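One-letter residues, chain by chain:
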Amino acid sequence: MKAATATTRQPATFGEVLRTHRRRAGMTQQQVADLATLSVRAVRDLESGRARRPRRATVQLLGDVLRLSGGSRAAFEAAADPLPQPGHGGEVDWLPPVSPTPLIGRERELRALSDLLTFERHRRVCVVGIPGVGKTRLALEVATTLRDREGWSVLWRDASDVPDGGSLAESAECVLAGRGAEDTLLVVDGARGTAAAEAAGRLLDRFPRLRVVTTAQVPGQGDGAHLMPVGPLPVPGGPDGRGDDAAGCPSVRLFRTHLRRLRPHQTLGVETSAAVAALCRWLDGVPARLVDAASWCLLQSPEELLRAMTEAEDPERFAFPPTDPDGLPDPLALALADVGSRERELLARLAALPGGWTVDEAVLLSGTTTRHTAGLLHALLLRGLLRTADEEGTDRFRVLNRLRPLLVAAGGRTAA
């Protein structure tokens, strides 16, 4: 009697399972993509196997679109296995963090950074700005968007865990080598020095479908990256913040979101709304400072907080969370410490001006050539220590409010 030949069938891939359920539902790739708010390319790449690691949220969306439940739903999600397990080449160490809050007020920056990486095909982008301006949060949102909607693979590394460029490149190569021809985004968060730039150059040469985004306080020199400065959120105009535009202003939206969490029953009347607008201007629209200041509203109303900030002997303490107002150094002081003497002197002169100023006015004040002054201003804008004067037009600028006391402490001249 002829012996039966045993055959072993490999488990179906997620792409095969997705295609089977889609066809059973009588849906096209375009229809699935539209209902799941994905691109048709992302669905196509998942089915073909080019994108092999969909996010759990993406898998759940697809399961909802295909109306899967019970055992079919469980098998569908099990086939995806979106999260790498410890021990598989150390890939678990490269997972991006999960943001606890939605991104607010950065719609334009999100679109711009996404376009740089996709339509414009830039392979290296450095997001620069002062501490607390939201560089990490923006990079995380872009990474999540590209992973969910375009099917990209995403790797994330905190620069504080990177001893040097060679170590970063070697460890990244091990992970990237198993991803084949997938579009992949590597984010190096908090880059300092040349380590990230060295690693990026080496990795981009070897992996043609890799993009690298770094976040940094200071722009790298000569690393070939496309610089994308991220400034504070726009603040409402007018002397008291009143007006139809105040409620929709990004900084106000962010502050009110956190205020509602702490005071869900408070009605935002005219006086409270005006106080919130004034607080946003006082704190320059810097997201981290807005969130920290809003946390004080559990103890004080926005009107009381504004009064305390503007009348207290130590108003800066309200720009830090009440849980640890004195435990950390001022990030703006750290940013100012990295500025050269010529830039710091110009900052002190500009801070003495009562309102916004133009480039021509800065040239007159500095007493140097237009080219020299423009170069200093450009460097300060890239670092995020200057901002556009939203209430006066984008061709005017001003020094951040919270830099003024720091400049005074450093011996600079500012107006009283």
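Each remark here, short or long, concerns the structure printed above.
In this report, we go over the structure that sits alongside the text.

Calculation rules
- In this convention, every chain numbers its residues from 1, walking through the sequence in written order.
- In keeping with the model being predicted, local features are shown solely for residues with a pLDDT of at least 70 and side-chain atom pairs are shown and tallied solely at 80 or more, while totals for entire chains, interfaces and linings include all residues.
- Heavy atoms from the whole structure form the basis of all side-chain values; hydrogens and water molecules are not counted.
- Note on geometry: axes are lines fitted to C-alpha atoms, helical ones only across the stretch in contact, with angles between N-to-C directions running from 0 to 180 degrees.
- A run of DSSP states H or I qualifies as a helix once it reaches four residues; a run of E qualifies as a strand once it reaches two. Both are numbered from the N-terminal end.
- Oblique is the label for every angle not falling under 35 degrees (roughly parallel), over 145 degrees (roughly antiparallel), or within 65 to 115 degrees (roughly perpendicular).
- Whether two residues are in contact is decided by their heavy atoms, any of which lying within 4.5 Å being enough.
- Three residue categories are used. Nonpolar comprises Ala, Val, Leu, Ile, Met, Phe, Trp, Tyr, Cys and Pro, charged comprises Asp, Glu, Lys and Arg, and polar comprises the others, including Gly.
- Only protein chains enter the calculation, and the probe is 1.4 Å; a residue is then buried if its accessible area is under 20% of its type maximum, exposed if over 50%, and partly exposed in between.
- Any two strands with at least two DSSP-identified bridges between them are counted as paired.
- Throughout this description, the term nonpolar core refers to a set of buried Ala, Val, Leu, Ile, Met, Phe, Trp, Tyr and Cys residues connected via side-chain atoms within 4.5 Å.
- We define a salt bridge as a side-chain nitrogen of Lys or Arg found within 4 Å of a carboxyl oxygen belonging to Asp or Glu.
- N or O atoms closer than or at 3.5 Å make up a polar contact, with two conditions inside protein: a donor-capable atom paired with an acceptor-capable one, and, for residues adjacent in sequence, both atoms drawn from side chains.
- Think of the arc as the fan of directions from the helix axis to the C-beta atoms.
- Computed over the protein atoms alone on a 1 Å grid, cavities are sets of points where a 1.4 Å probe fits but cannot get out and pockets are open sets with protein on both sides within 12 Å along at least five of seven lines; a residue lines them when it has an atom within 4 Å of a point.
- Grid points are joined across faces, edges and corners, and a volume is the space filled by probe spheres set on the points.
- Only Phe, Tyr and Trp rings are paired, with Trp represented by its six-membered ring, and only when their centres lie within 6.5 Å; those with planes under 30 degrees apart are stacked, over 60 edge-to-face, the remainder tilted.

1. Thoughts on the packing of helix α15 (residues 341–351) against helix α17 (residues 370–383)
So, point 1. Remark: α15 packs on α17, axes separated minimally by 10 Å, with the N-to-C direction vectors making an angle of 90°. One way to sum up the angle between α15 and α17 is to call them roughly perpendicular. Of α17, the residues touching α15 (which contributes Arg 342, Glu 343, Leu 346, Leu 347 and Leu 350) are His 372, Thr 373, Leu 376, Leu 377 and Leu 380.
So, point 2. Looking at side-chain class alone, the contact of α15 with α17 contains 6 nonpolar, 2 polar and 2 charged residues.

2. Topic: the pairing of strand β2 (residues 153–158)
So, point 1. Buried residues dominate β2, accounting for 5 of its 6 residues.
So, point 2. Where β2 and strand β3 (residues 184–189) come together, 6 bridges link them in parallel fashion. Paired with Arg 157 across the bridge in β3 is Val 188.

3. Some points on the nonpolar core
So, point 1. Core analysis: the biggest nonpolar cluster contains 44 residues, and Leu 113, Leu 117 and Leu 385 have the highest contact counts within it.
So, point 2. Ranked by the residues each element gives to this core, the list is headed by helix α7 (residues 135–150), at 6 residues.
So, point 3. Apart from residues lying up to four places away in sequence, Leu 113 is in contact with Val 125, Val 127, Leu 138, Val 142 and Met 228.
So, point 4. By size, the runner-up hydrophobic cluster in this structure holds 21 residues, among which are Cys 280, Leu 283, Ala 294 and Leu 306.

4. Structural notes on the sheet that holds strand β4 (residues 210–216)
So, point 1. If you walk across this open sheet you meet the 5 strands as β2-β3-β4-β1-β5, and the pairing is parallel. With partners counted over all chains shown, the strands left at the sheet margins are β2 and β5 (226–229), one partner each. Taking the axes of each pair of neighbouring strands and ignoring which way they run, one obtains an average angle of 20° across the sheet.

5. Considerations on the pattern of salt bridges
So, point 1. Under the definition given, this model contains 14 salt bridges.
So, point 2. The partner of Arg 209 in a salt bridge is Asp 183, with the nearest N and O atoms 2.9 Å apart. With Arg 209 in the loop between α9 (195–206) and β4 and Asp 183 in the loop between α8 (165–176) and β3, this pair connects stretches of sequence that are 26 residues apart.
So, point 3. According to the relative accessible area criterion, Arg 209 is partly exposed, its value standing at 29%.

6. Points about the side chain of Arg 289
So, point 1. Along the polypeptide, Arg 289 turns up in helix α12 (residues 287–295).
So, point 2. A polar contact is formed between the side chain of Arg 289 and the side chain of Asp 292, at a distance of 2.8 Å.

7. Examining α12
Every α-helix carries 3.6 residues per turn, so stepping three or four residues along brings you back to the same face.
So, point 1. Of all the residues in α12, the buried ones are Pro 287, Arg 289, Leu 290, Asp 292, Ala 293 and Ala 294.
So, point 2. Packing partners of the buried residues in α12 comprise α10 (250–262), α11 (270–282), α13 (302–311) and α14 (331–337).

8. Let's talk about helix α4 (residues 56–65)
So, point 1. Restricting attention to buried positions, one finds in α4 the residues Thr 58, Val 59, Leu 62, Gly 63 and Val 65. Looking straight down α4, one finds its buried side chains confined to an arc of 160°; they lie on one side.
So, point 2. At the C-terminal side of α4, Arg 67 shows a positive phi close to 60°.

9. Remarks on unusual backbone geometry
So, point 1. Phi is positive for Arg 67, close to 60°, though the residue is something other than glycine.
So, point 2. Phi is positive for Arg 121, which is not a glycine, with a value near 60°.
So, point 3. Mapped onto the elements, Arg 121 comes out in the loop between α6 (107–117) and β1 (124–128).

10. Brief notes about the layout of surface pockets
So, point 1. Estimates place the volume of the largest pocket at around 1,100 Å³.
So, point 2. For the largest pocket, the lining is made up of 45 residues, of which Pro 131, Lys 135, Thr 136, Asp 189 and Thr 215 are closest to its centre.
So, point 3. Elements represented by at least two residues in the lining of the largest pocket include exactly β1, α7, α9, β4, α10, α12 and α14.
So, point 4. The element best represented in the lining of the largest pocket is β4, accounting for 4 residues.
So, point 5. By residue class, the composition of the lining of the largest pocket is 23 nonpolar, 14 polar and 8 charged.

11. Considerations on the packing of helix α1 (residues 14–24) against helix α3 (residues 40–48)
So, point 1. Packing of α1 against α3 leaves a shortest axis separation of 6 Å and a crossing angle of 120°. Seen from α1, the contacting residues are Phe 14, Gly 15, Glu 16, Leu 18, Arg 19 and Arg 22; seen from α3, they are Val 43, Leu 46 and Glu 47.
So, point 2. Taken together, the residues that form the contact of α1 with α3 break down as 4 nonpolar, 1 polar and 4 charged.

12. Topic: the environment of Leu 95
So, point 1. When you line up the elements, Leu 95 lands in the loop between α5 (70–80) and α6.
So, point 2. With 61 residues separating them in the primary sequence, Leu 95 and Trp 156 have C-alpha atoms 5.7 Å apart.

13. What about the packing of aromatic side chains?
So, point 1. Counted by the stated rule, this structure contains 2 aromatic pairs.
So, point 2. The interplanar angle of 50° and the centroid separation of 5.0 Å between the aromatic rings of Phe 14 and Phe 76 together place this pair among those described as tilted. Here the residue Phe 14 occupies a position in helix α1, and Phe 76 occupies one in helix α5, the gap between them amounting to 62 residues. The burial state of Phe 14 is the same as that of Phe 76; both residues are buried.

Taken by themselves, the reported measurements are silent on function.
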